[in-house]
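So the chains spell out like this:
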Amino acid sequence: MYKRQEQTLEIIGTIVGLVYLWLEYRASIYLWIAGIIMPAIYIFVYYDAGLYADFGINIYYLGAAVYGWMMWKYGSFVRRKLHLRIKEGQQELPITRMPMKYYLPLGIIFAVTFVGIAWILIRFTNSNVPWLDSFTTALSIVGMWMLARKYVEQWWAWIVVDIVSAGLYVYKDLNFTAGLYALYTIIAIFGYLKWKRMMERVVELSLIHISEPTRP
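Residues numbered from 1 in each chain as written. Predicted model: local features only at pLDDT ≥ 70, side-chain atom pairs only at ≥ 80, totals over all residues. Heavy atoms only, no water.

Caption draft 1: Up close: the packing of helix 6 (residues 130-148) against helix 7 (residues 154-171). Packing of helix 6 against helix 7 brings their axes to within 9 Å, and their N-to-C directions diverge by 155°. Classified by the angle between their axes, helix 6 and helix 7 sit roughly antiparallel to one another. As for the relative orientation of helix 6 and helix 7, their crossing is left-handed in sense. Here L132, D133, F135, T136, L139, S140, G143, M144, M146 and L147 of helix 6 lie close against helix 7, whose contacting residues are Q154, A157, W158, V160, V161, V164, S165 and L168. A class-by-class count of the residues in the contact of helix 6 with helix 7 yields 12 nonpolar, five polar and one charged. (Axes fitted to C-alpha atoms, helices over the stretch in contact; angles between N-to-C directions. Helix = DSSP H or I, 4+ residues; strand = E, 2+ residues; numbered from the N terminus. Parallel < 35°, antiparallel > 145°, perpendicular 65-115°, else oblique. Left-handed = near helix turned anticlockwise from the far one by under 90°. Contact = heavy atoms within 4.5 Å. Nonpolar A, V, L, I, M, F, W, Y, C, P; charged D, E, K, R; others polar.)

Caption draft 2: Focus on the side chain of S165. Along the chain, S165 falls in helix 7. Judged by relative accessible area, S165 falls into the buried class, the value being 2%. Leave out the neighbours within four places in its chain, and S165 touches T136 and Y181. (Buried < 20%, exposed > 50% of the residue type's maximum accessible area, 1.4 Å probe, protein only.)

Caption draft 3: Representation of the environment of F110 within the structure. Within the secondary structure, F110 is located in helix 5 (residues 103-124). In this structure, the C-alpha to C-alpha distance between F110 and L139, residues 29 residues apart in sequence, is 6.2 Å. Beyond its immediate sequence surroundings of up to four residues, F110 is in contact with F135, A138, L139 and V142.

Caption draft 4: Spatial organisation of the nonpolar core. Counting 47 residues, the largest nonpolar core has W32, L51, W72, M144, L147 and W195 as the members making the most contacts within it. By residue number, the principal contributor to this core is helix 2 (residues 31-49), which donates nine residues. By size, the runner-up hydrophobic cluster in this structure holds five residues, among which are M98, L106, M146 and Y151. (Core = buried A, V, L, I, M, F, W, Y, C linked by side-chain atoms within 4.5 Å.)

Caption draft 5: Just helix 3 (residues 52-73), in detail. Its 22 residues give helix 3 an end-to-end C-alpha distance of 32 Å, which sits within 8% of 32 Å, the value for a rise of 1.5 Å per residue. Taken together, the buried positions of helix 3 are occupied by A53, D54, I57, N58, Y61, A64, A65, G68, M71 and W72. (Expected span 1.5 Å × (residues − 1).)

Caption draft 6: Inspection of the confidence of the model for the protein chain at higher detail. Residues of the protein chain with pLDDT of at least 70 account for 82%, and the chain-wide mean is 82. Helix 5 holds the highest mean pLDDT among the elements of the protein chain, 94, whereas helix 4 (residues 76-81) holds the lowest, 52. Per-residue pLDDT stays below 50 along residues 82-89; that stretch engages in 11 contacts with residues further than four places along the chain or on separate chains. (pLDDT = per-residue confidence, 0-100.)

Caption draft 7: Layout of the side chain of S140. Along the chain, the position of S140 falls in helix 6. Look past the residues within four positions of S140 in its chain and what remains in contact with it is I57, Y61, W158 and V161.

Caption draft 8: Structural context of a nonpolar patch on the surface. On the surface, a cluster of nonpolar side chains totalling about 680 Å² of accessible area is made up of Y30, I33, I36, I37, V66, M70 and Y74. Listing elements by their share of the nonpolar patch, those giving two or more residues are helix 2 and helix 3. For the nonpolar patch, the leading source of residues is helix 2, giving three residues. (Patch = residues over 30% accessible without salt bridge, like charges linked within 9 Å, V, L, I, M, F, W, Y side chains within 5 Å. Areas by Shrake-Rupley, 256 points an atom, 1.4 Å probe, with all protein chains shown as cover. Salt bridge = Lys/Arg side-chain N within 4 Å of Asp/Glu carboxyl O.)

Caption draft 9: Layout of the packing of aromatic side chains. In total, this model carries 19 aromatic pairs according to the counting rule given. Centre to centre, the rings of W32 and W72 are 5.7 Å apart; their planes meet at 90°, and the pair counts as edge-to-face. Of this pair, W32 sits in helix 2 while W72 sits in helix 3, and the two are 40 residues apart along the sequence. Each member of the pair, W32 as well as W72, carries the same accessibility label: buried. (Phe/Tyr/Trp six-rings, centres within 6.5 Å; stacked < 30°, edge-to-face > 60°.)

What follows is the structure in structure tokens.
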């Protein structure tokens, strides 16, 4: 009975995850609603599976979803800072490339988090996949921050996470979740291409707006 309840939660989480990915692919702000529901479900699934780092990151995801909603909803100050001219009165954060100044700090954060989580899992838990678990967790932390900032490169982080996670969940006999992450990998590639086109379209509109003669 208990195993059946766990599988039911996993199936529900998979369905919510698909909705989340579809909304992310479309760059819809409503992805953050699914981003609150999905980790609330997977907190229980991952804990029961002994994936303690994934359990912990889903607590982080809850907070990140609130942050992401605020950033996407009220991103006009970022648009002004980047000197992007979009539609008059538009408040949502535009898709942009991640500035080079963030690569080194994010790399350091990833490395420290990766080693730190692995050490905790090895020393204080019975996890039999501490390094893979900590790798996906650390990269997901970085990827979620990039998503909240609406950087197009966030898709590359998720592609790596999804590939590693799919294999990890097969090993852990979480077959529904493994299938979800395999699908994530494919859609993430198309998501990157779509976001890139959307970003380039915004830049084109900005240039057109700037080149238009000022009316007297």
